[in-house]
Amino acid sequence: MDTSQYLDLFIDETKEHLQSLNEHILTLEKEPEDADTVNEIFRAAHTLKGMAGTMGFTRMQRLTHDLENVFSEIRNGTMKANAKLIDVLFRGLDALESYLDVISSEGNEGTEDNEDIIQDLNELLEEQNGGGSTGGSEESGTGASAGDGAGPEEDSRDSAKAKYNGIPITEFDTSAIQSAKNDGKNIYGITVYLQETCILKAARAFLVFKSVEDKGELVKSVPTTEKIEDEEYEFDFSWILATSESKEKIRELIMNVSEVEDVYIGELSIPEQAVEKKEEKKPEKKKAAPVAAKAAPPKQEENGDKQKKSKAKVGNRSVRVDIDKLDNLMNLVSELIIAKNGLVSAGSSNSGEGDRSQAFHEQIEYLERVPTNLHESVMKVRMVPIDSVVNRFPRMVRDLTRKLNKKMELYMTGEETELDRTVIDEIGDPLMHLIRNSADHGLESNEERVRLGKPEIGSIFLDAYQDGNNVVIEVRDDGAGIDIDKVRRKALERGTITEKQMETMNDNDYIDLLFRPSFSTADQITDVSGRGVGLDVVKTNIESLGGSISARTVLGEGSTFSIQLPLTLAIIQALMVEVGKEKYAIPLGNIDGIEDIPNGDICFVQSKEVIHLRGNVIPILRLHDLLGVEKEEDPESYVVVIVKKGEQKIGLIVDSLIGQQETVIKSLGHHITYEKLFSGATILGDGEVALILDTNSLI
């Protein structure tokens, strides 16, 4: 049966379960006796195993099954969560994430069996169990998920739950059952209960039928398979299965499906006199996976290449949206339709020219408000909490603690802060670089911290908050800070700066050198950091998102790296300016102010034009020269737009200001680069195209 239509759902849910396992195992390491944590871990592992099994990912299922064995023993009290066990469990989770990466990109789980992890898990089980059985948790897991009274012997005692006893048997069904019996098959009645939190009931029912499709034949289902496919049932369905397998085996296969609450199964007996009437007529046998399946897919082993092509990069394209946001979006679209109808009515009105013009302008004013509200609503729909990115960092810091032999803790605030989905997808790696940099470069060794009178355990902080139309994310530590003198010496040694340049450089200028390609102050190169390929990559990635990064430090107290990002990359408020006969857009969020500067106030510092503004020296750029635009004679005064990036500012000389405008950003594609001066283009009301200046690249 074709399960590819459920692959996106599988990938999204697996990511959630793996993240849950990571978080709870971290908790288990600190609180090994917490029963609630152990139960949550077991449930997540059991669900993940069932999902992998029903999707046909046998290697992933096997590894998850062995992890579940360990969790079951911990839950039963026969094993203790020690450091060695936790390390192996995390290796298992890393392997499962590797399976998921391959599934996302290729549509299959690959060929890696991870035998070393499975062997280590089984050895740990034997060590702590005194050589006892390591494979018995399958039944304990099933029993736990099924709940009390789910075993075969209990089914008969709870006939109200075993609804399969009420399935009406026709002569046609009787003939099919007798035919299966003549072939030596067992006839089971099965009632499956789904969890009431289950959203996609049809998909779950399909996976239930899929789990046993090659073990037998579906004789009858109540409700019918058509109604199950249309989700026209509550949370239970019953069916009759003809199979050679045992009840325990069928139960196990069904309970492997996630969101199955309970299964009741028992043997059915059919009155003999009902058989003879239709014995000569054998009905066509129906397979056991009727829901949402049109044709069986080719075997994965034979068509691996085809699946790679058709399933490249699955997932990461979905956003879960609150229903209230969708309701608001629908209301705004309704208003847009009303405004359109009003314009049509005003245009075709039989009233006088003056009245028609007034009505037309009123409708235009109304229409102007709707797109702005519509934009805000759509932007909120695209927003995703940064929790989806930062929730993997506690595990990373735990691993760095082991690798660097430093005690450290990560403290996070503002995980609920929301960013555009396209920004979220790109911000993970830069943040990871900054945290690794703080752990390796920022924090001192345990012995050094004690000698300095600091707490032995170092602290790394990740704080996120919204500031106007931007989101600010700060990564800070209480480590040694940045040694400016050391940066100065390294820069001189490498020839990055000259002694003459040093005369005019302040501390912030030296800190900015850390963002230069291949510049590092590390005395030793490690596999964590120190290769000079960290902060320059961070800066490039952040600026490609229209953001900026800055750093500040206090020697001996710690450093703070501050990232400023736009809320969305789709629509921005911009200041429209004219340079020559061309129009350009400057993002409003990057503008610090607008000044009218007399020609005589421009002076030179080291052959560069600057202006003095309220005690600050600000470099200026003439956009005519930068963009190659013809200019008229020098005026008596210049319009200077002051733009900023972090603490740095620069003035842009333009001819005139047009005004503020909401601009929709359009990509320039791969053919127009122009040294990264432009971040995109926008289409103006008269159809003219205006380029959007990337002010970060100018500073």
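Residues numbered from 1 in each chain as written. Predicted model: local features only at pLDDT ≥ 70, side-chain atom pairs only at ≥ 80, totals over all residues. Heavy atoms only, no water.

### With respect to the overall build of the chain
Assigned secondary structure in the chain consists of 24 helices and 22 strands. In the chain, of all internal contacts separated by at least 6 residues, the share reaching a separation of at least 24 is 74%. Carbon and sulfur atoms form 47% of the exposed surface of the chain, whose accessible area is close to 35,800 Å². (Helix = DSSP H or I, 4+ residues; strand = E, 2+ residues; numbered from the N terminus. Contact = heavy atoms within 4.5 Å. Areas by Shrake-Rupley, 256 points an atom, 1.4 Å probe, with all protein chains shown as cover.)

### Observations regarding the confidence of the model for the chain
Within the chain, residue pLDDT values average 78, and 81% of them lie at 70 or more. Confidence, read as mean pLDDT per element, is least for helix 6 (residues 137-146) in the chain (36) and greatest for strand 6 (residues 408-413) (93). Low pLDDT (under 50) marks residues 131-157, which in the prediction has 48 contacts with non-local residues, meaning those over four places away or in another chain. Every residue in residues 272-316 scores below 50 in pLDDT, and together they form 84 contacts with partners more than four places removed in sequence or on other chains. (pLDDT = per-residue confidence, 0-100.)

### Things to note about the nonpolar core
In this structure, Phe10, Ile190, Phe237, Trp239 and Ile254 are the most contacted members of the largest nonpolar core, which totals 69 residues. Tallying contributions element by element places helix 4 (residues 83-106) first for this core, with eleven residues. (Core = buried A, V, L, I, M, F, W, Y, C linked by side-chain atoms within 4.5 Å. Buried < 20%, exposed > 50% of the residue type's maximum accessible area, 1.4 Å probe, protein only.)

### Describing the environment of Leu419
Mapping Leu419 onto the fold places it in strand 7 (residues 418-420). Measuring from C-alpha to C-alpha, the distance between Leu419 and Gln466 comes to 9.3 Å, with 47 residues separating the pair along the chain. Not counting residues up to four positions away in its chain, the partners in contact with Leu419 are Arg382, Met383, Val384, Ile386, Ile424, Val471, Ile473, Leu565, Pro566 and Leu567.

### A short note on helix 2 (residues 35-54)
The α-helix advances 3.6 residues per turn, and as a result positions three or four apart in sequence lie on the same side. Between its first and last C-alpha, helix 2 extends 29 Å over 20 residues, near the 28 Å set by a 1.5 Å rise per residue. For helix 2, the capping residue at the N-terminal end is Asp34, with a side-chain oxygen 3.1 Å from the backbone nitrogen of Asp36. In the segment just after helix 2, Gly56 is the residue with positive phi, at about 85°. (Expected span 1.5 Å × (residues − 1). Polar contact = N/O pair within 3.5 Å; in protein donor to acceptor, adjacent residues only side chain to side chain.)

### Details of the pattern of salt bridges
Summed over all chains, the structure comprises 32 salt bridges. Asp87 serves as the salt-bridge partner of Arg402, at 3.0 Å between the closest nitrogen and oxygen. Taken together, the residues span a long stretch of sequence, with Arg402 in helix 16 (residues 393-404) and Asp87 in helix 4 at a distance of 315 residues. For Asp87, a relative accessible area of 28% puts it in the partly exposed group. One salt bridge connects Lys649 with Asp592, and the closest N-O pair in it is separated by 3.0 Å. (Salt bridge = Lys/Arg side-chain N within 4 Å of Asp/Glu carboxyl O.)

### Looking at the sheet that holds strand 22 (residues 689-693)
Taken in spatial order, the five strands of this open sheet run 20-12-13-22-21, and their pairing is mixed. With one partner strand each, in any of the chains shown, strand 20 (656-664) and strand 21 (678-683) form the two edges of the open sheet. Between one strand and the next, the sheet's axes are offset by a mean angle of 35°, whatever the strand orientation. Summarising the sheet, strand 21 and strand 22 pair through five bridges and their orientation is antiparallel. When the sheet's bridge partners are listed, Thr682 is paired in strand 22 with Ala690. (Pairing = 2+ DSSP bridges. Axes fitted to C-alpha atoms, helices over the stretch in contact; angles between N-to-C directions.)

### What about a negative patch on the surface?
A grouping of Glu226, Glu229, Asp230, Glu231 and Glu232 is seen on the molecular surface, where their side chains present a negatively charged patch. Relative to the helices and strands, Glu226 resides in helix 10 (residues 225-229). (Patch = residues over 30% accessible without salt bridge, like charges linked within 9 Å, V, L, I, M, F, W, Y side chains within 5 Å. Lys, Arg positive; Asp, Glu negative; His and termini not counted. Charge placed at Lys NZ, Arg CZ, Asp CG, Glu CD.)

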